[in-house]
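So you can see what is in the structure, the chains are spelled out below.
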Amino acid sequence: MTITDDRPEGASSPEVGKSRIRKEDQRLITGRTRWTDNIVLPGMLHLAMVRSPFAHATITAVGTDEAKAAPGVVGVFTGEDLKDIQGVNANAWPLNAEQVTPTHLPVAIDRVACAGEIVAVVVARTAAEARDAAELVDVDYDELPAVLDLKQAAADAVLAHPDLGTNKSAFWRLDTAEQGSGGNVDEAIAKARTDGIVIEREYRQQRLIPAFMEPRSVVVDPTGEQLTVWSATQIPHILRFLIAATTGIPESKLRVVAPDVGGGFGGKLQTTPEEFATLAVARRLGKPCKYTETRSESLLSGHHGRDQWQKLTLTAEKDGTVTGLKVELLADLGAYVAIMGGGVPVLGAWMFNSIYKFPAYQFNCQTVLTNKTWVDAYRGAGRPEATYAIERLMDELAVEVGVDPLEIREKNWIKHEEFPFTTVAGMTYDSGNYEAATARAKELFGYDALREEQRRRREGNDPVQLGIGVSTFTEMCGLAPSRILGSLNYGAGGWESASIRMLATGKVEVVTGVSAHGQGHETAWSQIVADRLGVPFEDVEVLHGDTQVAPKGMDTYGSRSLVVGAEAVVRAADKVIEKAKPMAAHLLEASVDDLEFTRGRFAVKGTDKGLGIGEIALATWTGHNLPDGVEPSLDADATFDPETFSFPHGTHLCAMEVDTETGATTMRKYVCVDDIGNIVNPLIVEGQVHGGLVQGIAQALWEGAEYDDQGTLVTGSFVDYTLPTSADTISFVTDHTTSPSTTNTLGAKGVGEAGTIASTPAVVNAIVDAVRHLGVNDIVMPCTPERVWKAIQAGAAVTTEGEREAAPHFDEAAPNADLPGGPAGPATQGGAQ
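Quick caveat, the model's predicted, so the values are computed rather than measured. (Residues numbered from 1 in each chain as written. Predicted model: local features only at pLDDT ≥ 70, side-chain atom pairs only at ≥ 80, totals over all residues. Heavy atoms only, no water.)

Considerations on the overall build of the protein chain
Moving on, step 1. Check the secondary structure of the protein chain and you find 22 helices and 30 strands.
Moving on, step 2. Here the protein chain has a C-alpha radius of gyration of 28 Å; the compact-globule value for 833 residues is 28 Å, and the two agree.
Moving on, step 3. Dimensions along the principal axes, computed over C-alpha positions, put the protein chain at roughly 95 × 75 × 50 Å.
Moving on, step 4. When each of the 833 residues of the protein chain is scored for burial, the buried share is 60%.
Moving on, step 5. A separation threshold of at least 6 residues defines the contact pool for the protein chain, and within that pool the share at least 24 residues apart is 79%.
Moving on, step 6. Summing over all exposed atoms, the protein chain offers an accessible surface of approximately 29,800 Å²; the carbon and sulfur share of this is 51%.
Moving on, step 7. The distance from the centre of the 72 positive side-chain charges to the centre of the 113 negative ones in the protein chain is 3 Å. (Helix = DSSP H or I, 4+ residues; strand = E, 2+ residues; numbered from the N terminus. Rg over C-alpha atoms; globule rule 2.2 N^0.38 Å. Buried < 20%, exposed > 50% of the residue type's maximum accessible area, 1.4 Å probe, protein only. Contact = heavy atoms within 4.5 Å. Areas by Shrake-Rupley, 256 points an atom, 1.4 Å probe, with all protein chains shown as cover. Lys, Arg positive; Asp, Glu negative; His and termini not counted. Charge placed at Lys NZ, Arg CZ, Asp CG, Glu CD.)

Structural notes on the pattern of salt bridges
Moving on, step 1. Considering all chains together, one arrives at 58 salt bridges under this definition.
Moving on, step 2. Among the salt bridges present, the one from Glu391 reaches Arg409, with a minimum N-O distance of 2.8 Å. Placement of Glu391 in helix H12 (residues 383-401) and of Arg409 in helix H13 (residues 405-412) is noted, with a sequence separation of 18 residues between them. As far as burial versus exposure is concerned, Glu391 and Arg409 are alike and both buried.
Moving on, step 3. In this structure, Arg455 engages Glu452 in a salt bridge whose closest nitrogen and oxygen atoms are separated by 2.3 Å. With Arg455 and Glu452 both in helix H15 (residues 447-459), this residue pair falls three residues apart, about one helical turn.
Moving on, step 4. Residue Arg455 is classed as partly exposed on the basis of its relative accessible area of 37%. (Salt bridge = Lys/Arg side-chain N within 4 Å of Asp/Glu carboxyl O.)

Re unusual backbone geometry
Moving on, step 1. With an omega of -5 degrees, the peptide bond running from Phe419 to Pro420 counts as cis.
Moving on, step 2. Its place among the elements puts Pro420 in the loop between H13 and strand S17 (421-422).
Moving on, step 3. Here Met781 and Pro782 are connected by a cis peptide whose omega angle stands at -5 degrees.
Moving on, step 4. For Pro782, the position within the fold is in the loop between helix H21 (754-771) and helix H22 (785-801).
Moving on, step 5. At Ala211, a position not held by glycine, the phi torsion is positive, near 55 degrees.
Moving on, step 6. Tracing the backbone shows Ala211 in the loop between strand S9 (197-208) and strand S10 (217-221).
Moving on, step 7. Backbone geometry places Arg306, a non-glycine residue, at a positive phi of 65 degrees.
Moving on, step 8. Take Arg306: it is sitting in strand S14 (residues 305-316).

Points about the sheet that holds strand S20 (residues 496-502)
Hydrogen bonding along the main chain pairs the strands of a sheet, whether they run parallel or antiparallel.
Moving on, step 1. The strand order S22-S21-S20-S26 describes an open sheet built from four strands, whose pairing is mixed. Whereas interior strands pair on both sides, the edge strands pair on one side only; in this sheet they are strand S22 (540-543) and strand S26 (636-640). Each strand of the sheet is rotated relative to its neighbour by a mean of 20 degrees, with strand direction disregarded.
Moving on, step 2. With four bridges connecting them, strand S21 (residues 508-512) and S22 associate as parallel partners. Across the sheet, residue Val511 finds its bridge partner in S22, namely Leu543. (Pairing = 2+ DSSP bridges. Axes fitted to C-alpha atoms, helices over the stretch in contact; angles between N-to-C directions.)

Examining the nonpolar core
Moving on, step 1. Core analysis: the biggest nonpolar cluster contains 94 residues, and Leu314, Leu325, Trp350, Phe352, Phe363, Tyr670 and Val763 have the highest contact counts within it.
Moving on, step 2. For Val763, the contacting residues outside a window of four places in its chain are Cys654, Met656, Met667, Tyr670, Ile697, Ala700 and Leu701.
Moving on, step 3. Judged by nonpolar contacts, the second largest core, of 46 residues, contains Val514, Ala572, Val576 and Leu588. (Core = buried A, V, L, I, M, F, W, Y, C linked by side-chain atoms within 4.5 Å.)

Side note on the environment of Ser298
Moving on, step 1. Along the chain, Ser298 turns up in helix H10 (residues 295-301).
Moving on, step 2. Once the C-alpha coordinates of Ser298 and Gly267 are considered, the two residues, 31 residues apart in sequence, prove to be 9.7 Å apart.
Moving on, step 3. The residues touching Ser298, leaving out its near neighbours within four places in the chain, are Phe212 and Glu293.
Moving on, step 4. A polar contact is formed between the side chain of Ser298 and the side chain of Glu293, at a distance of 3.1 Å. (Polar contact = N/O pair within 3.5 Å; in protein donor to acceptor, adjacent residues only side chain to side chain.)

Quick notes on the side chain of Glu435
Moving on, step 1. Take Glu435: it is sitting in helix H14 (residues 434-445).
Moving on, step 2. The side chain of Glu435 is buried and forms no salt bridge, while Lys415, the nearest opposite charge, is found at 5.9 Å.
Moving on, step 3. Polar contacts involving the side chain of Glu435 include one to the main-chain amide nitrogen of His416, which spans 3.2 Å.

A few points about H13
Moving on, step 1. For H13, the full list of buried residues reads Pro405, Leu406, Ile408, Arg409 and Asn412. Axial view of H13: buried residues confined to an arc of 165 degrees, hence all on one face.
Moving on, step 2. Buried residues in H13 make contact with strand S15 (322-334), H12, H14, H15, strand S19 (464-474) and H21. (Arc of directions from axis to C-beta.)

Here's the deal with helix H8 (residues 236-247)
Moving on, step 1. When the terminal C-alpha atoms of H8 are compared, their 16 Å separation across twelve residues agrees well with the 16 Å that a helix rising 1.5 Å per residue should span.
Moving on, step 2. Within H8 the residues assigned to the buried category are Pro236, His237, Ile238, Leu239, Arg240, Leu242, Ile243, Ala244 and Thr247.
Moving on, step 3. In the core, the buried residues of H8 are packed alongside strand S11 (227-231), strand S12 (254-257) and helix H9 (273-285).
Moving on, step 4. One or two positions beyond H8, positive phi appears at Gly248, with a value near 85 degrees. (Expected span 1.5 Å × (residues − 1).)

Some details on the environment of Pro106
Moving on, step 1. If you trace the backbone, Pro106 turns up in the loop between helix H3 (79-82) and strand S5 (111-112).
Moving on, step 2. A relative accessible area of 1% places Pro106 in the buried class.
Moving on, step 3. For the pair Pro106 and Trp525, spaced 419 residues apart in sequence, the C-alpha separation works out to 37 Å.
Moving on, step 4. Beyond its immediate sequence surroundings of up to four residues, Pro106 is in contact with Gln86, Gly87, Val88, Asn89, Ile118, Pro273, Phe276 and Ala277.

Section: the packing of helix H20 (residues 682-701) against H21
Moving on, step 1. One way to put it is that H20 packs onto H21 with a least axis distance of 7 Å and a crossing angle of 40 degrees. In terms of axis orientation, H20 runs oblique to H21. Here H20 runs over H21; the crossing is right-handed. Here Val689, Gly692, Leu693, Gln695, Gly696, Ile697, Gln699, Ala700 and Leu701 of H20 lie close against H21, whose contacting residues are Gly755, Thr756, Ser759, Thr760, Val763, Val764 and Ile767.
Moving on, step 2. Here the contact of H20 with H21 is composed, by residue class, of eight nonpolar, eight polar and no charged. (Parallel < 35°, antiparallel > 145°, perpendicular 65-115°, else oblique. Left-handed = near helix turned anticlockwise from the far one by under 90°. Nonpolar A, V, L, I, M, F, W, Y, C, P; charged D, E, K, R; others polar.)

Take a look at the structure:
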């Protein structure tokens, strides 16, 4: 049998490539959705968490009598009360056998290591009664010295966990000389110091908070034979496994459901203390229990992201040809090693070299414990940090050589005819065309005209200067290949599973192991299956997020849903067609070899005889006329485990105006041209790109989690943690070029993190470009007006004195006080400073 497509050459698919409005949106925007907090069970109790106000302290006593006597209170539980059943928050990615990993109990027993850590759980008949009673729990603490500054933590002067004897958790290195994929970077540095260019810079990745729309919530029903957990999570399957592994509950007796989930951005890629505490209390009482966090609790105790010091050394020949790159990271884990933990900064190891042909490369990462909220994946997870650093550095190289930032990039990037290309870090990029994306971006941006305007403003000493920022990026996404993950000591696989059920009515059920929380899986998967099986889009229903309905899966993160999860769906659909062949041949009284399948219909070649796949599904279901040896089902399962990642890329250009008298910044224009392979639904892609852009721009301009010198989060509400709104952004210009991926049959690449990865350096490069002539070559994020103004003043002072000073040490203990963005260290050319 052959499967044919009788559409004209070049014609688009009936569904794939169509900008369909999402199936999910109707119920979401009309209030008919089912968030975890909407779930109400008979006899359900409500929980409130008592949290430590101290960053580091021993617990000497927990007084619960007054709280227990409060109206509506059913019980108050301490860590001691729950120690035998509460489980533990596990780290699934230990970087090596030597990693220092503190035990993270859901409810602390004798010591707390960060503000916001749970010390007791109050259970009451209503949520309000539980919160009121939580105020009555009397906890005695002996405060201990806290370590909050990342560099001070690395010195081990004050210990976040005194029993461990060190704050250093793990050290990890990738050295191309050692693995045989490149030269010796120290030799490249030594050579460039005498006959080339050496640029050394230190960049700060501030701490961020995911700030998803729906706060985390969990409901546990322990009644009956099976224990059911509903959670606002990205990872229902992984949560189920870790609950079973750490509490002893058999997986067969445990069901986890992620109902409608309101965003995650990596912030719900976690097994949380609150989930385990709610589970423990529900089991202890034998009654359904619910916990829903407040927004302040979410900002305080949900895991944070980023938080790195990055030291980079780039070497090049005098003409700007890069010869080496050395990266030294200091990464804050916070008080505990989270589920992905130190693996997040290590994900950047293969991306600092980006699209450039470095012949020598070394990556070093030291993860460190502090007495702050734990840190884990946040949209992009290691890739935005890497892209920021290398794109900032390429601008510095362009300045040193005296050429346009785009020229220095083109000089060093992988040419389109060189794909597939194995990088110095060992990754093989399957496809790409950086020239095409950049040319299109320049055209849409009006690059040359804006450069000319910039020149005029500088010559006229305009108080409002114009800067142009460039970011040409790639990313590794589709976090999946199980063998690669295993070689990196990751605790799970990366495969994905899907099932397709052909119902007797001709309708189709698609069961997927990925778990959507805003991505539009139900729509995109329906489009793919409608095309593959030739059924109407409306006849496809997608089921997900329930381990009883979809028992196998690895969930959603790392831009893996389409390139891994949807590929499993495609393979299951192809199996359905294969299973239907003998039945179709039998009913049509023809040989299987004489059949062709086109747009959902089996036909005998050269005749008008045929049957639709829905007709065959009904005939199979009745079982009245089955061929010998054929089962009465067309249902099929498939699992996909890719051999490597996918590598989307793009060129982002940003124009920023900077008022040199006030430090105020205004975005003038933003253009991005991304290559994400073949596109299933352009409307969904547009939404993903726009959302990603805003998050990346927010890191550059507004967001930052700040602590005072006592370890108190001072950005614990949206009054202080400044998220942008639509009024703070402009209309972006987006477009796409297409280099289909060769790692999956869809030809698709990931898109969910692209905007976040590329936009941050584009914006900061633009701001620095606007004021570089005033002596500024770095501004620490977020680039608030105060910081920009201070950078200009510091740069003017240096320019006046005719000096170029080394980068100042930024004191994290006073993050808002002294963060000038003045000169960040000299470039060395020909051995002379």
